[in-house]
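Reading the structure
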Amino acid sequence: MPVYKIKQVQKIVIDSLVHDPSFEMIFSIDPMPQHTLFLDFLDQSCCVPTKYPVEGRRYETLGVLDNGIANIPQLQPWIDGKRWSVYPEDFISPTHGTFVSGVALYGDDLEEKPWIGHNGIKLFDATIFPDTDKEQLDEDNLIANIQEAVKANHEKVKVWNLSISISREVNDRSFSDFAIALDELQKEYNVLICKSAGNCMNFKKHLPKGRINEGADSVLALVVGSMAHKKGPFDYADIDNPSPFTRVGPGPEFIIKPEVVHYGGNVGINNDGVLVKSGVKSFSTNGTTIESVGTSFSTPRVAALATGLYQELEGEFDPLLIKGLIIHSASYPYNLHIPEKERAYQIGFGIPQNIPSILYNDPYEATLILRDTMAKGKYIDIMDFPMPKSLIRNGFYTGQIIATLVYEPVLDSTQGIEYCQSNIDLNLGTYDYKTERDTRKKNILNPVGRHGSQNLFLNSLYSKRLMKDNCSDFAIKERLLIQYGDKYYPVKKYAVDLSELSDTKKLRYVTEDKKWYLKLQGLFREHTEQQAKLERSVPKQDFCLIITIRDSNRIAPIYNEVVQGLDYYNFWHRNIELANDVPINV
């Protein structure tokens, strides 16, 4: 999408364009935004020992797209290479970037909480933001700086933290230019950008939280909101609830943004009408410990989580897998006050677990990952899904199922609100028996069909009474039944407990004689299909599906039985390959 910046233009010039034939080609004329960074902080006496890389251990690098990282003792051993910047040193004031980097590297140590669980990551200083007291920064320059930094360093830096926001809210009519630029970068260079949702001051006026900022509507980025980790006498938010300043979704076309949240502080107004903060800890430019608040500082926790996962996994970097693992692990806190129907729009899918919890199953659960590409006209229909027989109790299948689908849709910036041009539907359920089908008929691709199929990812199948009365961990923290309908959501997640099915639905759909199936089917908008015909190409989309099957009673040997089922039905499968130096705490 061509974007032009016209400086010092007079109104008469704009008016004259109306009568020019080229006016029909102009999408919009808007003021060019300018940006500034603010970092208010409180000094703290907290001190943590400096960490150093261990010789011979593999460390992946997190790129920090910010206003620079100060060369302080706590961070210097972890800086990977020289600072990348288009600005001279005297135009750089590395306040914000230093704080972000401290959270990414020392966040668990400073808060004395195992929130992320990595054993150190490298940091790359990409200074894309100048000292705005000396130089202004327009949106086009900001985007150009990000593009240059990623292009020059994408081979060694695969995860990038972007805690800089454009101050405009998203709108429901189109995706922002900033988001489109971020999507293009991630797609072209196979990187993952963790983007802050943005901060909002509506709480000062007792108004509802504002919508996410432009840029946070990036389809491919992992967008992060903020939660309160503690509560002072005047703070507005309770612990484990959204920070008063965090922005909320949805994004354009009702896509779920932010996808996850993490701890970024709390704020309130004291009796004198003064803003007070309960911040998260990090470092100043002289190495002292300070506190501040913002989605800027919840985001590097998730970026560090993504980097830590990458360095624990063998193989090439896979942004869909990393993003899928983080979202799949996310859940809601116990004392969350948000109504169930509003949770996804306010805090996405919740707070992700730490690295060890994401990577390891216990014997009473099994996690399957399907990573593939789906082209137009193709689908995946697994009719022998290995549902463990040990979950059958009193003649019915029981257990909990969590499924997360993350895909890279076809994107077209010329299509406005229909920017996402493709979709994937996910069905998991039961059927009675297999049937023969006539492949000579139109649209019949598989000679084997299913009779009596029922998708179990439907809210209408579950008892409202049982769901209301269920006070288990799963019901409070993980249950998720969003009716995505025909929306083009790039991330979909379901979490169901079969014990909550209504009695009539249990008798119809989960008796012990039922067979299980899994189906994935793609859909492409008409514009993409017509474009593909003109170009004589076949549109396709990469996806990553993660499914966890769990016995809540911790009795059934789920893991072993699922592996046996995969072998029995001749599935090609293997365990995720982990790095050899994964530490094990005894």
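Residues numbered from 1 in each chain as written. Predicted model: local features only at pLDDT ≥ 70, side-chain atom pairs only at ≥ 80, totals over all residues. Heavy atoms only, no water.

Re the sheet that holds strand β4 (residues 122–127)
We count it as follows: Any two strands with at least two DSSP bridges between them are considered paired. In this text, helices come from DSSP runs of H or I with a minimum length of four residues, and strands from runs of E with a minimum of two, each type numbered from the N-terminal end. A contact between two residues is defined here by any heavy atoms of the two lying within 4.5 Å. Axis angles are defined between N-to-C directions and span 0 to 180 degrees, where every axis is a line fitted to C-alpha atoms and, for a helix, only to the segment in contact.
Ordered in space as β3-β4-β2-β5-β6-β7-β8, the seven strands form an open sheet in which the pairing is parallel. Either end of the sheet is taken by a strand with one partner, and the two such strands are β3 (84–85) and β8 (260–263). Across three bridges, strand β6 (residues 192–196) lies against strand β7 (residues 222–227) in parallel orientation. Residue pairing in the sheet places Lys 195 in a bridge with Val 223 of β7. Those strands touched by helix α4 (residues 177–189) are β5 (157–162) and β6, and its axis lies near 155° from that of β6.

Structural notes on the pairing of strand β10 (residues 275–278)
Looking at chain direction, strand β9 (residues 266–269) and β10 are connected through four bridges and run antiparallel. Counterpart to Gly 268 in the pairing with β10 is Val 276. In this structure, the hairpin formed by β9 and β10 is closed by a connection of five residues, where Gly 273 is found at a positive phi of approximately 75°.

Focus: empty space enclosed by the protein
For clarity, the cut-off: Here a cavity means grid points, on a 1 Å grid over the protein atoms only, where a 1.4 Å probe fits yet cannot get out; a pocket means an open set of points with protein on both sides within 12 Å along at least five of seven lines; lining residues are those with an atom within 4 Å of a point. Grid points are joined across faces, edges and corners, and a volume is the space filled by probe spheres set on the points. Polarity classes work like this: nonpolar for Ala, Val, Leu, Ile, Met, Phe, Trp, Tyr, Cys and Pro, charged for Asp, Glu, Lys and Arg, and polar for all others, with Gly in that last group.
A full pass over the atoms with the stated rule returns two cavities of 30 Å³ or more. Estimates place the volume of the second largest cavity at around 30 Å³. Lining the second largest cavity are His 328, Ala 330, Ile 402, Glu 478, Lys 493 and Ala 495. By residue class, the composition of the lining of the second largest cavity is three nonpolar, one polar and two charged.

Thoughts on the pattern of salt bridges
Which entries qualify depends on this criterion: A pair is scored as a salt bridge if a Lys or Arg side-chain nitrogen falls within 4 Å of a carboxyl oxygen belonging to Asp or Glu. We call a residue buried when its accessible area falls under 20% of the maximum for its residue type, exposed when it is over 50%, and partly exposed in between, using a 1.4 Å probe and counting protein chains only.
In this structure the tally under the stated criterion is 27 salt bridges. Across the pair Arg 168 and Glu 214 runs a salt bridge whose closest N-O atoms are separated by 2.9 Å. Note that Arg 168 is positioned in the loop between β5 and α4 and Glu 214 in the loop between β6 and β7, a separation of 46 residues in sequence. Owing to a relative accessible area of 9%, Glu 214 belongs among the buried residues under this scheme.

Regarding unusual backbone geometry
Cis rather than trans, the peptide bond between Gly 249 and Pro 250 has omega equal to 5°. Mapped onto the elements, Pro 250 comes out in the loop between β7 and β8. With an omega dihedral of -5°, the bond running from Lys 257 to Pro 258 counts as a cis peptide bond. Summarising the element assignment, Pro 258 is placed in the loop between β7 and β8. In this structure, Asp 240 takes a positive phi of about 65° despite not being glycine. By secondary structure assignment, the location of Asp 240 is in the loop between β7 and β8.

Side note on the confidence of the model for the protein chain
Which entries qualify depends on this criterion: Confidence of the predictor at the level of single residues is given by pLDDT, which spans 0 to 100.
On average, residues of the protein chain score 89 in pLDDT, and 94% of them reach the 70 mark or higher. Here strand β1 (residues 42–44) stands out as the element of the protein chain with the lowest mean pLDDT, 58, in contrast to β8, whose mean of 98 is the highest. A low-confidence stretch, residues 582–586 (pLDDT under 50), is modelled with four contacts involving residues beyond four sequence positions or located in other chains.

Quick word on the packing of helix α3 (residues 139–153) against α4
Quick note on the threshold: Geometric relationships in this document are graded by angle, where less than 35 degrees denotes roughly parallel, more than 145 denotes roughly antiparallel, 65 to 115 denotes roughly perpendicular, and other angles denote oblique.
For the pair α3 and α4, the least separation of the axes is 11 Å and the interaxial angle reads 10°. One way to sum up the angle between α3 and α4 is to call them roughly parallel. Two secondary-structure elements touch here, α3 through Glu 139, Leu 142, Ile 143, Ile 146, Gln 147, Val 150 and Lys 151 and α4 through Asp 177, Phe 178, Ala 181, Leu 182, Leu 185 and Tyr 189. Split by residue class, the contact of α3 with α4 holds nine nonpolar, one polar and three charged.

Observations concerning the sheet that holds strand β13 (residues 365–375)
Pairing within the open sheet is antiparallel, and its five strands lie in the order β13-β25-β17-β23-β22. Whereas interior strands pair on both sides, the edge strands pair on one side only; in this sheet they are β13 and β22 (480–481). In the sheet, strand β17 (residues 400–407) pairs with strand β25 (residues 540–550) via eight bridges, with the strands oriented antiparallel. Paired with Tyr 407 across the bridge in β25 is Phe 543. Sheet contacts for helix α13 (residues 558–568): β13 and β25; angle to β13, the most-contacted strand, approximately 40°.

Topic: the packing of aromatic side chains
What characterises a pair of aromatic rings is the spacing of the ring centres plus the angle enclosed by the ring planes. How we decide: Side-chain rings of Phe, Tyr and Trp, where Trp is taken by its six-membered ring, are said to pair if the distance between their centres is within 6.5 Å; with planes under 30 degrees apart they count as stacked, over 60 as edge-to-face, and otherwise as tilted. Distance and angle both matter: a charge sits over a ring if NZ of Lys or CZ of Arg is within 6 Å of the ring centre and within 35 degrees of the ring normal.
A full pass over the atoms with the stated rule returns 11 aromatic pairs. Judged by centre distance (5.3 Å) and plane angle (75°), the ring pair of Tyr 397 and Trp 516 falls under edge-to-face. Highlighted residues: Tyr 397 in strand β16 (residues 396–397) and Trp 516 in strand β24 (residues 515–524), separated in sequence by 119 residues. A residue is classified by how much of its surface remains accessible, and Tyr 397, at 3% relative accessible area, is buried. Ring geometry for Tyr 431 versus Tyr 517: centroids 6.3 Å apart, planes at 70°, classification edge-to-face. Note that Tyr 431 is positioned in strand β18 (residues 422–431) and Tyr 517 in strand β24, a separation of 86 residues in sequence. Accessibility classification places Tyr 431 together with Tyr 517 in one group, the buried group. Over the aromatic face of Tyr 310 sits the side chain of Arg 58, whose NZ or CZ is 5.4 Å from the ring centroid. One cation-aromatic arrangement involves Lys 519 over Tyr 379; the distance from NZ or CZ to the ring centre is 5.2 Å.

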